[in-house]
Amino acid sequence: MAERTTLIAGNWKMNASGEMAVTLIDGLVAWPGKDGVEMLVCPPFPYLGPVGALISESDIKLGAQTCHANASGAHTGDVAAEMLADLGCSYVIVGHSERRADHGETDADVCAKAEAALRAGLTAIVCVGETEAERDAGKTLDIVGSQVANSVPEGATAENLVVAYEPVWAIGTGRTPTSDEVQEVHAAIRAGLASRFGDATANGVRLLYGGSMKPSNAQELLALADVDGGLIGGASLKAEDFTAIADAAP
Ligand code: PEP
């Protein structure tokens, strides 16, 4: 099996102030690091520049929470992947369930954004996940499989693609699927990638779990065979919790 670096990614969502970002990053840069673990922070757009400056002497990576599919143009309020790359980002999250719900982003939109990320030299973190009703109806693998098939662009490689499995009902709720359920979905995602891109690529793509990951459950989740890291919301806003999650990586 390919060696996959664990990715511990913090999605700050629409949280932070300049002052809070400084305090949080101070705590993160003081973290001594861990072999085989990569740490990523994804602040809101206005803080990308300042946070980028604060982490510039560290190994912490910078990412954004979304991007536009186009490289430039008349798209008021939007931000191009090229601009993110220019600011020092190496990752961008696309298709987070909050974007899919709040902004009506479809799989096709997410795929176009992921393509833009690849075009700009960024790694796309493509988010997928079922709703509670879909899980209750036994449709999880179908829904997630179809989201991956339709949201991941053709040019994806082990280097420029990360997939985050985030059950919608687990985000910010304190609830998580069982470890067996997480592993089942991750294995299915990897199998889907293998049938499209081949085993070598699929075995190299990192699959993150997201949804109420915290210090108390991180060790069990991160130990799963096909879990290669976490996409963390709430617990990424406290340096102590975020670094504890990173330390819990196997
Ligand atoms: C997220 O929104 O990506 C997320 C996983 O949030 P939380 O960790 O707060 O559930």
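The preceding data block contains the structure.
Bear in mind the structure is a predicted one, so any value in this text is a computation, not a measurement.

Undergrad: I tried to follow the overall build of the protein on my own but got confused; where do I start?
TA: Looking only at helices and strands, the protein has eleven helices and eight strands in total. Taken over C-alpha atoms, the radius of gyration comes to 17 Å for the protein, in line with the 18 Å a tight globule of 250 residues would show. For the C-alpha atoms alone, the extent of the protein along its principal axes is close to 45 × 45 × 35 Å. Scored against the burial criterion, the 250 residues of the protein give a buried share of 52%. Here the contacts in the protein between residues at least 6 apart in sequence split such that 72% fall between residues at least 24 apart. Total accessible area on the protein is roughly 10700 Å²; 51% of this is exposed by carbon and sulfur atoms.

Undergrad: Which parts of the structure should I look at to understand the packing of helix α5 (residues 107-119) against helix α7 (residues 140-151)?
TA: Helix packing for two helices is described by the angle between their axes and how far apart those axes are. The geometry of α5 relative to α7 is characterised by a closest axis approach of 8 Å and an angle of 45° between their N-to-C directions. Relative to α7, the element α5 lies oblique. Contacts between α5 and α7 involve Asp-107, Ala-108, Val-110, Cys-111 and Ala-114 from the former and Ser-146, Gln-147, Asn-150 and Ser-151 from the latter. When its residues are assigned to classes, the contact of α5 with α7 shows four nonpolar, four polar and one charged.

Undergrad: Can you help me understand the site of the ligand in this one?
TA: Surveying the vicinity of the ligand reveals 14 residues, the closest of which are Lys-13, His-96, Glu-166, Gly-172 and Ser-212. One nitrogen or oxygen atom from the main chain of Ser-212 is found 2.7 Å from an oxygen atom belonging to the ligand. Relative to its free-state accessible area of 290 Å², the ligand is covered by the protein chains to the extent of 95%. For the shell around the ligand, the per-class residue count stands at four nonpolar, eight polar and two charged.

Undergrad: Quick question: what am I supposed to make of the sheet that holds strand β4 (residues 91-94) here?
TA: Pairing between sheet strands relies on hydrogen bonds along the backbone, with the strands arranged either parallel or antiparallel. Taken in spatial order, the eight strands line up as β1-β2-β3-β4-β5-β6-β7-β8 and close into a barrel, and their pairing is parallel. Going across the sheet, the axis of each strand differs from the next one's by a mean of 25°, ignoring polarity. Taken together, the six bridges between strand β1 (residues 6-11) and strand β2 (residues 37-42) define a ladder with parallel strand orientation. Along β2, the bridge assignment pairs Thr-6 with Val-37.

Rules used in this analysis
- Residues numbered from 1 in each chain as written.
- Predicted model: local features only at pLDDT ≥ 70, side-chain atom pairs only at ≥ 80, totals over all residues.
- Heavy atoms only, no water.
- Helix = DSSP H or I, 4+ residues; strand = E, 2+ residues; numbered from the N terminus.
- Rg over C-alpha atoms; globule rule 2.2 N^0.38 Å.
- Buried < 20%, exposed > 50% of the residue type's maximum accessible area, 1.4 Å probe, protein only.
- Contact = heavy atoms within 4.5 Å.
- Areas by Shrake-Rupley, 256 points an atom, 1.4 Å probe, with all protein chains shown as cover.
- Axes fitted to C-alpha atoms, helices over the stretch in contact; angles between N-to-C directions.
- Parallel < 35°, antiparallel > 145°, perpendicular 65-115°, else oblique.
- Nonpolar A, V, L, I, M, F, W, Y, C, P; charged D, E, K, R; others polar.
- Near = heavy atom within 4 Å.
- Polar contact = N/O pair within 3.5 Å; in protein donor to acceptor, adjacent residues only side chain to side chain.
- Pairing = 2+ DSSP bridges.

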